[in-house]
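# A look at the structure
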Amino acid sequence: MAGLPRIRIIDSHTGGEPTRLVLEGGPALGGGPLAERVGRFREKFDAWRTAIVNEPRGSDTVVGALLVPPHRADCQFGVIFFNNVGCLGMCGHGTMGLVASLRHLGRIPPGKVRIDTPVGAVEAELHAGGEISVGNVASYRQAANVALDVPGVGEVRGDVAWGGNWFFLVAQHGLALDLANLEQLTDYTRRIRQAANQQGFSEVDHVELFGPAAQAGASSRNFVLCPGNAYDRSPCGTGTSAKLACLAADGKLAEGDAWVQESVIGSTFSGRYRWLDRAKGEVAPTITGTAFVTAEGVQLLDPRDPFCWGIR
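Just so it is clear, the model here is predicted, and its values are computed rather than measured.

About the criteria used
Along every chain, residues carry numbers that run from 1 in the direction the sequence is written. Note on the predicted model: pLDDT of at least 70 is required for a residue's local features to be given, and 80 or more for side-chain atom pairs to be given and counted; whole-chain, interface and lining totals, by contrast, use all residues. The basis for the side-chain values is all heavy atoms of the structure; hydrogens and waters are excluded. Each residue's exposure class comes from its accessible area (1.4 Å probe, protein chains only) as a fraction of the maximum for that residue type: buried when under 20%, exposed when over 50%, partly exposed otherwise. Going along the chain from the N terminus, every DSSP run of H or I of four or more residues is numbered as a helix, and every run of E of two or more is numbered as a strand. Orient the strands so they point away from the viewer, and a crossover whose first-strand-to-second-strand path over the helix runs clockwise is right-handed. By this definition, two strands are paired if DSSP reports at least two bridges between them. Two kinds of site are reported from a 1 Å grid over the protein atoms alone, namely cavities, where a 1.4 Å probe fits but cannot get out, and pockets, open sets with protein on both sides within 12 Å along at least five of seven lines, and residues are called lining when an atom falls within 4 Å of a point. Grid points are joined across faces, edges and corners, and a volume is the space filled by probe spheres set on the points. Classes in brief: Ala, Val, Leu, Ile, Met, Phe, Trp, Tyr, Cys and Pro nonpolar; Asp, Glu, Lys and Arg charged; the others, Gly included, polar. Definition used for salt bridges: Asp or Glu carboxyl oxygen within 4 Å of a side-chain nitrogen of Lys or Arg.

## Some words on the pairing of strand β12 (residues 206–211)
For β12, the tally of buried residues reaches six of six residues, placing the bulk of the element in the interior. The two faces of β12 match: His206, Glu208 and Phe210 on one face and Val207, Leu209 and Gly211 on the other face are all buried. Once you follow strand β11 (residues 166–170) into helix α4 (residues 182–198) and on to β12, the crossover reads as right-handed. Judged from the five bridges that link them, β12 and strand β13 (residues 220–225) form a sheet pairing that is antiparallel. What sits directly across from Glu208, in β13, is Val224.

In structure tokens form, the structure reads like this:
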């Protein structure tokens, strides 16, 4: 129908994980720092989030990326990431999807671009061969070898770390990180997150399990539970950043050396870090991967549709 509100989008995937970039027609959030604008998004425009990424237009796996004017003077673009349950601080795979989409639209050439996010500026680089590197926000481990009493599981030990989102990272779990084991992995990580939230780490919304890599050249394989209970198809950019911070803190990966993170579906990111502050354990991670544009489209908001604003 003519005259219906329209949201112009472009879809991509990074290592199998989808990103939906909102180019036009999204909510008007005004100006100011992105941390303030994402607050307005949460408080006043949450229906737009669910309309864009939730069913029936989207799914639990889709991460939205609202393209907005930057606040920081040294940034060319601003972005607010969100998913099926709320907003995200940063999103590594989503940043790669954003860069691939901007390239597809002819809005950026190969080279570096600075992007404003609610948790800080990130610098992305589009390489001539199509790979994309994301210089993420400062990452660090908050707590090491934390023991959780997980109902139905027992004691689980892991690290709490920040990589643009908050993670509980577990290396010793005894589970096969394989899609055939998806139901058990999801249940196990949901229990861990609930226990972490109840036992002093209310900020944790991602859980990341690690195990041996399945392919030559990879350093490890992971399974990442996202806030909305979907698993990350990609190796998770913010999760890999959190892992690099833990490896750096333990002296298990030297500054500048590569860590190749494999996802549960077999896609990979390559990560490196440099020290920002050894005393505080802060590192600057750089995550490299590839993203591909899959669709361009327009979403229509029909007020006659009982699910116009998404299924919540």
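## Concerning empty space enclosed by the protein
Within this structure, the stated rule accounts for one cavity of 30 Å³ or more. In this model, the largest cavity occupies a volume close to 150 Å³. What lines the largest cavity is a set of 23 residues, and nearest its centre among them are Val63, Leu88, His206, Cys226 and Asp232. Residue composition of the lining of the largest cavity, grouped by class: nine nonpolar, 11 polar and three charged.

## Here's the deal with the pattern of salt bridges
Under the definition given, this model contains 14 salt bridges. Residue Arg40 pairs with Glu36 through a salt bridge whose shortest N-O separation is 3.7 Å. Placement of the pair is Arg40 and Glu36 together in helix α1 (residues 34–44), with a separation of four residues, close to one helical turn. You can call Arg40 partly exposed: its relative accessible area is 25%. Residue classification places Glu36 among the partly exposed residues on the basis of a relative accessible area of 45%. Connected through salt bridges with shared partners, the residues Asp74, Lys112, Arg114 and Glu123 form a single ionic network.

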